[in-house]
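The residues making up each chain are set out below.
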Amino acid sequence: MMPKKSPKVIVDYSKCGDGGSKVDPRDCGKCLRACDPAILLMHETMDIRQDPYDPQIWRITAVWLNLCTRCMKCVQVCPVGAIAVT
Amino acid sequence: MNAKNYSNELAKEMNIAEYETEQWRAFEQVYIRKIMGISSIDVGYKLQLPIIGRVLRWNAEKMIHSESKNRNAVRADGHFGQVIPLEDAKIILGNLAAEPIIENYCMCRWMQRGVKEACCINFGVLSGVIEKLPRFIPKNNVYRLDRDEAIKRIEQHNRKGYVASVWFQPVPYINAICSCENPECGGLRLRQDFGLNSVYKAEYVAAIDPDKCQGCKSCVSMCQFSALRYIPSQERVMVDLRKCFGCGVCRHACKNDSIQMVPREQFPGLQY
Ligand code: SF4
Ligand code: SF4
Ligand code: SF4
């Protein structure tokens, strides 16, 4: 049997995160708390300009994708419409 | 318990400060970086694939339990833990933990929920490493604990429902006691959802005395692992021993003193 394909959860970093957006996920984090199975992760980026001891550039990545139920709570709760789930 | 695991000499011998600085500086990236060409992103799907799955699992287990000299800190080699009941946590904090002892923000809960909660208790060399990383340091800047304070804190966390766990980082050096939540804890997640032995169950399991249990169900809401069930026909709660991690947290909710911790080895069919 072929394994089941996981949902795709894409975060638009031009709206939230390090792509020149105004939202710093550290100040928001609503999606992290809305997701019951906690499949989203907030982390510092590997940007070489980061201070390795005190990184200031952060983003959200959906990591545990196979556990996503496509409930869409993260999409609904995001104030800047940065998340797409398919 | 093996006192050597906690000593600062061992830390020096193993050059642990360097290893831990590397690992903790980039703590939140552990799951994002590629390990053997494969990142943890959607690891569930990858582990389902029959052949890649087996190799990946084998490699991941070897990596988690690595005792070899050239550990790679950024890959989290040799970083695994074991659940312990409150009594064992107190013994470690009271006698064996290397000083200084600090309490810092839980990184797992920060990554997974964006909340900062001071509940990770770290020892010795690791304390020195974490103190240099501002995002782990509690706002009120109070983080150094003496042994009595540390014992008081772990008891508070445990009563709240958090699971105490002791961590090797790297093996065999023991340097932290966490108060975990499932599935927010990365270690519990890898074990519960992906079957990797990133954290072992405690040396104990819960046993409920059927004569004492009044069926009030208070304990059921405490279990992070859904190991407790109210059985209407018996008017009492039963433990699913295969699910029980032996954390002992359920005991805090029982007004009838019906829950005891018994050795896991009494049940040869159970895993650690
Ligand atoms: S769709 Fe639901 S389960 Fe999937 S990431 Fe969003 S909140 Fe989580
Ligand atoms: S809810 Fe939207 S804006 Fe807020 S952290 Fe998540 S992705 Fe960013
Ligand atoms: S039943 Fe087991 S895993 Fe659940 S709270 Fe009690 S000791 Fe912990």
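Before reading on, note that the structure itself is shown above.
Let us look at the structure shown here. Everything quoted here is computed from the prediction, not taken from an experiment.

The next point concerns the overall build of chain A. Check the secondary structure of chain A and you find 2 helices and 4 strands. Listing every helix and strand of chain A by position from the N terminus yields β-α-β-β-α-β. The principal-axis extents of the C-alpha atoms in chain A amount to approximately 45 × 30 × 20 Å. Scored against the burial criterion, the 86 residues of chain A give a buried share of 47%. In chain A, once contacts between residues fewer than 6 apart in sequence are set aside, the share between residues at least 24 apart is 56%. For chain A, the computed accessible surface area is about 4700 Å², with 57% contributed by carbon and sulfur atoms. Looking at chain A, you have 12 positive and 9 negative side-chain charges, and the mean spots of the two groups are 12 Å apart.

Attention shifts here to the interface of chain A and chain B. Tallying the contact residues gives 32 residues for chain A and 32 residues for chain B. It is A:P3, A:Y53 and A:W64 in chain A that bury the most area against chain B; as a group they hold 24% of the surface buried on that side. Viewed at the interface, chain B and chain A are joined by 1 salt bridge. For B:R135, the salt bridge identified is with A:E44, shortest N-O distance 3.3 Å. Summed over the shared surface of chain A and chain B, the number is 12 residue pairs in polar contact (both at pLDDT 80 or more). Within the residue set of the side of chain A that touches chain B, elements represented by two or more residues are α1 (30-34), β2 (40-44) and β3 (58-62) of chain A. Broken down by element, the residue count for the side of chain A that touches chain B peaks at 5 residues, all from β2(A). Looking at the side of chain A that touches chain B, its residues break down into 19 nonpolar, 6 polar and 7 charged.

The next subject is helix α9 (residues 186-194) of chain B. All names here are of chain B. The buried fraction of α9 amounts to 7 of the 9 residues, a majority that puts the element mostly inside the structure. For α9, the set of buried residues is G186, G187, L188, R189, L190, R191 and F194. With its phi angle positive at about 70°, G195 sits one or two positions after the end of α9.

Reading guide: rules and limits
- Residues numbered from 1 in each chain as written.
- Chains lettered and ligands numbered in written order.
- Predicted model: local features only at pLDDT ≥ 70, side-chain atom pairs only at ≥ 80, totals over all residues.
- Heavy atoms only, no water.
- Helix = DSSP H or I, 4+ residues; strand = E, 2+ residues; numbered from the N terminus.
- Buried < 20%, exposed > 50% of the residue type's maximum accessible area, 1.4 Å probe, protein only.
- Contact = heavy atoms within 4.5 Å.
- Areas by Shrake-Rupley, 256 points an atom, 1.4 Å probe, with all protein chains shown as cover.
- Lys, Arg positive; Asp, Glu negative; His and termini not counted.
- Charge placed at Lys NZ, Arg CZ, Asp CG, Glu CD.
- Buried area = accessible area lost by both parts, 1.4 Å probe.
- Salt bridge = Lys/Arg side-chain N within 4 Å of Asp/Glu carboxyl O.
- Polar contact = N/O pair within 3.5 Å; in protein donor to acceptor, adjacent residues only side chain to side chain.
- Nonpolar A, V, L, I, M, F, W, Y, C, P; charged D, E, K, R; others polar.

Keep in mind these numbers describe shape, not what the thing actually does.
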